[in-house]
Amino acid sequence: MPRIVQLLASPVHRYVGRPADGPAPAPPGELVDQVRLRAGLGVVGDRYFGRPAHRTASVTLIAQESLPAGADLTQLRRNVLTSGIAVDELVGRVLTLDSGDGPVRLRVHRAAPPCAWLDVVVAPGTWTAMRRRGGVRAEPLTDGVLRVGPVTVAVGD
């Protein structure tokens, strides 16, 4: 059964400057049990919420099956970690997720390539290993709530 494994809503950018300098410290509470999404704006409380340049890329999703063992959203900086959903194949589609509070529709606009920071925060070689498996960037089409746990999935055009 498909699941939402982790959710991240972080008010700060942690990967600034050069990867060799290391990331900025993580704020407390960026991993959460639920997130609220607003249509056209993104994840409430996230660093990209409401920013015009990120409206079509304000929610990021990645499949747990794409990750190296032990990696999680605090390192990858995506918002939604799924299991049992091939998110990398959904570019150009509408993904509907319902984790118990009603459906949330997301238009998947493009891939979210991994960055070189992964070689520092996960392990050397992660950046190359995750090419074409770095997740996707999406725009919320409806308001709603996503929670960690089982999720009903529908894919449309």
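The following refers to the structure shown. (Residues numbered from 1 in each chain as written. Predicted model: local features only at pLDDT ≥ 70, side-chain atom pairs only at ≥ 80, totals over all residues. Heavy atoms only, no water.)

## Observations concerning the overall build of the chain
What the chain contains, in helices and strands, is 3 helices and 12 strands. Computed over C-alpha atoms, the radius of gyration of the chain comes to 15 Å, within 12% of the 15 Å expected from 2.2 N^0.38 for 157 residues, which places it in the range of a compact globule. Its C-alpha atoms put the chain at 40 × 25 × 25 Å along the principal axes. The buried share among the 157 residues of the chain stands at 43%. Sequence separation of at least 24 residues holds for 70% of the intrachain contacts in the chain that already meet a minimum separation of 6. (Helix = DSSP H or I, 4+ residues; strand = E, 2+ residues; numbered from the N terminus. Rg over C-alpha atoms; globule rule 2.2 N^0.38 Å. Buried < 20%, exposed > 50% of the residue type's maximum accessible area, 1.4 Å probe, protein only. Contact = heavy atoms within 4.5 Å.)

## Here's the deal with the layout of surface pockets
With a probe scaled to a water molecule rolled over the atoms, the places where space remains empty come into view. The computed volume of the largest pocket comes to approximately 330 Å³. Residue lining of the largest pocket: 21 residues in total, with Arg47, Tyr48, Leu76, Arg77 and Arg78 positioned closest to the centre. Elements with a minimum of two residues in the lining of the largest pocket: strand 5 (59-63) and helix 1 (73-76). Tallied by class, residues from the lining of the largest pocket come to 10 nonpolar, 5 polar and 6 charged. (1 Å grid on protein atoms, 1.4 Å probe; cavity = no way out; pocket = protein on both sides within 12 Å on 5 of 7 lines; lining within 4 Å. Points joined across faces, edges and corners; volume = space filled by probe spheres on them. Nonpolar A, V, L, I, M, F, W, Y, C, P; charged D, E, K, R; others polar.)

Spatial relationships are all this shows, so hold off on functional conclusions.
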